[in-house]
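Notes for the structure review
Here is how the chains run, residue by residue.
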Amino acid sequence: MSDKSIKIIFFGNTEFSNPVLIKCAESYNVCSVVTNPSKKMGRGQKFVDTPVKILAKNYKLETIECDNLLDEGFIKKLKDMNPDLFIVVAYKILPKSLLSIPRYGAINLHSSLLPKYRGAAPIQRVILNREQITGVSTFLIEPKVDTGKIIEQAKCNIDENDNYGTLSEKLSLVGADLVISSIDKYLNKKIEPYLQDESLVTLAPKITKEEFLIDWNNEGSEINAQIKAFSPYPGAYTFLSGKRIKFFQSELINSQSSSEPGKIDNITPNFFDIACTKGSLRIYKVQIEGKKIMDAKDFILGMPTLKDGRFS
């Protein structure tokens, strides 16, 4: 349902937020978009806008770049817009001083089936835990993170070949439709938000740097999930002859290997296999430190001593 009289302020930063912003802009009056300030990045230290700011520019939407959500000038500016609703997707935690501004409160899109996987990294965590189903939830924001009343949920299958990138894209598209549905049903009292069942809570804490390092003493299924969870960014890594090597595409080979974990025990022109404690991994995409991601065949050609190597 489209209603341009409904004034929305949208909060978001990442590519995940963009499908929701598009849907909101098409259906409602997005009077402003709040996003992080542009940052200097790369060797040239050029300023780079957030994906949300780039999209907002294309849609000719007003943007506010804000680092400090408690800034009095920023708060006054939002109040002066007299918004009906905040929509928050992949953004920071909003303080109480902001939550009281919109007439009907603030709706957040979370990429899990709450109360499961509350926290900063729900998509990576479901892949690491080798789940087969996940989803998205819309809920009314409360001061405590991811605890508000649920409006709606939608499930999404996790396919065998899904990684963090592909699953994020699927969830963002499902989430965009869910947000529009939730706004309509919530504002028109077609649905009653309900409390989360605290007995079913699981957590999805922020990923630590230590979790990117591959331990070849783990089972192949666990390492394969690790590679998927951190692809296409930042990449699960290991070491070969003192060089850091990242893997971005792999396949679990269930055949038992007689080689010690981390040993390369099969090389073909297009891929190579690495022994794990249980099963082996077939590697298709690799990145050597300081170089771009490449197909395994190019990696093999550039590493003539690969057959004698062992990852550690």
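See the structure printed just above.
Remember, predicted model here, so these are calculated numbers, not experimental data.

1. Quick word on the layout of surface pockets
Roughly 1800 Å³ of internal volume is contained in the largest pocket. Forming the walls of the largest pocket are 49 residues, and the residues nearest its centre are Thr14, Ala90, Tyr91, Ala120 and Tyr164. At the level of elements, β3 (39–41), α2 (51–58), β7 (106–110), α5 (122–128) and α6 (164–187) are the ones that each hand at least two residues to the lining of the largest pocket. Sort the elements by how many residues they give to the lining of the largest pocket and α6 lands first, with 5 residues.

2. What about the sheet that holds strand β6 (residues 85–89)?
Ordered by their spatial adjacency, 7 strands build an open sheet running β5-β2-β1-β6-β7-β8-β9, and the pairing between neighbours is mixed. Two strands bound the open sheet, and with one partner strand each, they are β5 (63–65) and β9 (150–157). Adjacent strand axes in the sheet meet at a mean angle of 20°, parallel and antiparallel pairs treated alike. Two elements, strand β1 (residues 3–12) and strand β2 (residues 28–35), share 6 bridges in a ladder whose sense is parallel. Each bridged residue has a counterpart across the sheet, and for Asp3 the counterpart in β2 is Tyr28.

3. Thoughts on the pattern of salt bridges
Applying the stated criterion across every chain, the model contains 17 salt bridges. Salt-bridge contacts for Arg125 lead to Glu211; the nearest nitrogen and oxygen are separated by 2.6 Å. Taken as a pair, Arg125 in helix α5 and Glu211 in the loop between α6 and α7 (220–229) lie far apart in primary sequence, 86 residues in all. Owing to a relative accessible area of 12%, Arg125 belongs among the buried residues under this scheme. When salt bridges that share partners are traced, they join Asp49, Lys53, Lys57 and Glu65 into one network.

4. Points about the pairing of strand β14 (residues 280–288)
Two strands pair when backbone bridges link them, and strand β11 (residues 243–253) and β14 are joined in this way by 8 bridges, in the antiparallel orientation. Residue pairing for β14: Glu251 is matched across the bridge by Arg282. Across 4 bridges, strand β13 (residues 272–275) lies against β14 in antiparallel orientation. Residue Ile274 lies in a different strand from β14, and its bridge partner there is Leu281. Here β13 folds back onto β14 in antiparallel fashion, the turn holding 4 residues, of which Gly279 has a positive phi close to 80°. The pairing of β14 with strand β15 (residues 294–295) spans 2 bridges and is antiparallel. Pairing of Lys285 across the sheet is with Asp295, part of β15. Hairpin connection between β14 and β15: a loop of 5 residues separates the two successive antiparallel strands, and Gly290 in this loop has a positive phi of roughly 85°.

5. Some details on the packing of aromatic side chains
Taken as a whole, this structure holds 11 aromatic pairs when the rule is applied. Arranged with centres 5.4 Å apart and planes meeting at 75°, the rings of Phe247 and Phe311 form a pair that is edge-to-face. Placement of Phe247 in strand β11 and of Phe311 in the segment after α8 (296–302) is noted, with a sequence separation of 64 residues between them. Of the residues examined, Phe247 reaches a relative accessible area of 0% and is grouped as buried. For Phe311, a relative accessible area of 1% puts it in the buried group. Following the ring pairs from residue to residue traces out a cluster consisting of Trp216, Phe247, Phe272, Phe299 and Phe311.

6. Details of the pairing of β7
Counting buried positions along β7 yields 5 of 5 residues, so the element is predominantly enclosed. Relative to β7, β6 runs parallel, the two being bridged by 4 bridges. Within the sheet, the bridge partner assigned to Val88 lies in β7 and is Asn108. The pairing of β7 with strand β8 (residues 133–140) spans 4 bridges and is antiparallel.

Conventions used here
Residues numbered from 1 in each chain as written. Predicted model: local features only at pLDDT ≥ 70, side-chain atom pairs only at ≥ 80, totals over all residues. Heavy atoms only, no water. 1 Å grid on protein atoms, 1.4 Å probe; cavity = no way out; pocket = protein on both sides within 12 Å on 5 of 7 lines; lining within 4 Å. Points joined across faces, edges and corners; volume = space filled by probe spheres on them. Helix = DSSP H or I, 4+ residues; strand = E, 2+ residues; numbered from the N terminus. Pairing = 2+ DSSP bridges. Axes fitted to C-alpha atoms, helices over the stretch in contact; angles between N-to-C directions. Salt bridge = Lys/Arg side-chain N within 4 Å of Asp/Glu carboxyl O. Buried < 20%, exposed > 50% of the residue type's maximum accessible area, 1.4 Å probe, protein only. Phe/Tyr/Trp six-rings, centres within 6.5 Å; stacked < 30°, edge-to-face > 60°.

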